[in-house]
Amino acid sequence: LEAEGKKGYVIPGGASNPLGSVGYARAALEIVEYAEENGPFDAIVTCSGSGGTHSGMLAGLRAAGDQTPVYGISVRFDEKTQKERIHAQYVEVAKLFGNDAPIDDVIIRDDQVGPGYSLPTENMEEALELMACHESILLDPVYTAKGFAGLVAMVREGAFPEGSKVLFLHTGGAPSLYHYRTLRH
């Protein structure tokens, strides 16, 4: 492109830059609209990896005046590292909306990382099976199954009072399913 006098735009993995995060900020506005018509959510749980989803969701909710807590289930890093990474992105996305980005908004759980990114865990396998068998929804082993495993763990710990409205944000990942054909025989 440069040889033709054009400038390319490099999209980082997970579209995890301020511009990429705006997509999830927009998704947050849809969630706020839904909640206005159907009642608020008590919490939102999402995967927290490269950061675009988590930071965009926070920025969009706060821009709309919604203070719903967003729990990020880390799929790669420890809590401290991931919190710093997400906060840095959140600050940049929030600037686009003219807002602050308090670090206390960033909630990370790192209990589902297991041996590392893209490496299966028993909890991930159980979560994948639970969602497939009970809801007919497929989760990918790299990302969304670990995120859902985090939600399952939180429910089992009593993190949410009975009757709470908790939204699990499923971000896709179906192509990863084929890489893990041997998880269950």
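On a predicted model such as this, the values are computed, not experimentally measured, just so you know.

A.B. asks: Is there a simple way to think about the overall build of the protein chain in this case?
C.D. replies: Along the protein chain, the regular secondary structure elements total 5 helices and 4 strands. Along the protein chain, helices and strands appear, N-terminal first, in the series α-β-α-β-α-β-α-α-β. A compact globule built from 185 residues would reach a C-alpha radius of gyration of about 16 Å, and the protein chain, at 17 Å, matches this within 12%. Dimensions along the principal axes, computed over C-alpha positions, put the protein chain at roughly 55 × 45 × 30 Å. For the protein chain, long-range pairs separated by at least 24 residues make up 74% of all intrachain contacts whose partners lie at least 6 apart in sequence. Total accessible area on the protein chain is roughly 10100 Å²; 54% of this is exposed by carbon and sulfur atoms. Here the protein chain contributes 15 positive and 25 negative side-chain charges, whose respective centroids are spaced 6 Å apart.

A.B. asks: Before we go on, may I ask you to explain the layout of surface pockets in this structure?
C.D. replies: In this approach the atoms are scanned with a rolling probe the size of a water molecule, which exposes any empty space left behind. Roughly 320 Å³ of internal volume is contained in the largest pocket. Lining the largest pocket are 21 residues, with G14, S16, G49, S50 and Y143 sitting closest to its centre. Among the secondary structure elements, those contributing two or more residues to the lining of the largest pocket are α1 (18–38) and α2 (52–63).

A.B. asks: Can you walk me through the environment of G13 in this structure?
C.D. replies: Topologically, G13 is positioned in the segment before α1. Placed 135 residues apart in sequence, G13 and F148 show a C-alpha to C-alpha distance of 21 Å.

A.B. asks: Would you mind going over the packing of α1 against α2 with me for this structure?
C.D. replies: For any two helices packed against each other, the geometry is given by the interaxial angle and the distance between the axes. The contact between α1 and α2 brings their axes to 7 Å, and the two run at 50°. Comparing the axis directions of α1 and α2 gives the class oblique. Taken as a pair, α1 and α2 cross one another with a handedness that is right-handed. Contacts between α1 and α2 pair S21, Y24, A25, A27, A28, L29, I31 and V32 from the former with G52, T53, S55, G56, M57, G60 and L61 from the latter. Of the residues assigned to the contact of α1 with α2, the class counts are 9 nonpolar, 6 polar and no charged.

A.B. asks: I tried to follow the pattern of salt bridges on my own but got confused; where do I start?
C.D. replies: It is possible for side chains of opposite charge to pair when their charged atoms get near one another. Scanning all chains against the criterion turns up 7 salt bridges. Residue E4 is joined to K6 by a salt bridge in which the shortest nitrogen-to-oxygen separation is 3.6 Å. Of the residues examined, E4 reaches a relative accessible area of 58% and is grouped as exposed. When the shortest N-O distance is used, the salt bridge between D111 and R109 registers 2.7 Å. Classification of R109 as buried rests on a relative accessible area of 17%. Taken together, the shared-partner salt bridges connect R109, D111 and E157 into one network.

Definitions and limits used
- Residues numbered from 1 in each chain as written.
- Predicted model: local features only at pLDDT ≥ 70, side-chain atom pairs only at ≥ 80, totals over all residues.
- Heavy atoms only, no water.
- Helix = DSSP H or I, 4+ residues; strand = E, 2+ residues; numbered from the N terminus.
- Rg over C-alpha atoms; globule rule 2.2 N^0.38 Å.
- Contact = heavy atoms within 4.5 Å.
- Areas by Shrake-Rupley, 256 points an atom, 1.4 Å probe, with all protein chains shown as cover.
- Lys, Arg positive; Asp, Glu negative; His and termini not counted.
- Charge placed at Lys NZ, Arg CZ, Asp CG, Glu CD.
- 1 Å grid on protein atoms, 1.4 Å probe; cavity = no way out; pocket = protein on both sides within 12 Å on 5 of 7 lines; lining within 4 Å.
- Points joined across faces, edges and corners; volume = space filled by probe spheres on them.
- Axes fitted to C-alpha atoms, helices over the stretch in contact; angles between N-to-C directions.
- Parallel < 35°, antiparallel > 145°, perpendicular 65-115°, else oblique.
- Left-handed = near helix turned anticlockwise from the far one by under 90°.
- Nonpolar A, V, L, I, M, F, W, Y, C, P; charged D, E, K, R; others polar.
- Salt bridge = Lys/Arg side-chain N within 4 Å of Asp/Glu carboxyl O.
- Buried < 20%, exposed > 50% of the residue type's maximum accessible area, 1.4 Å probe, protein only.

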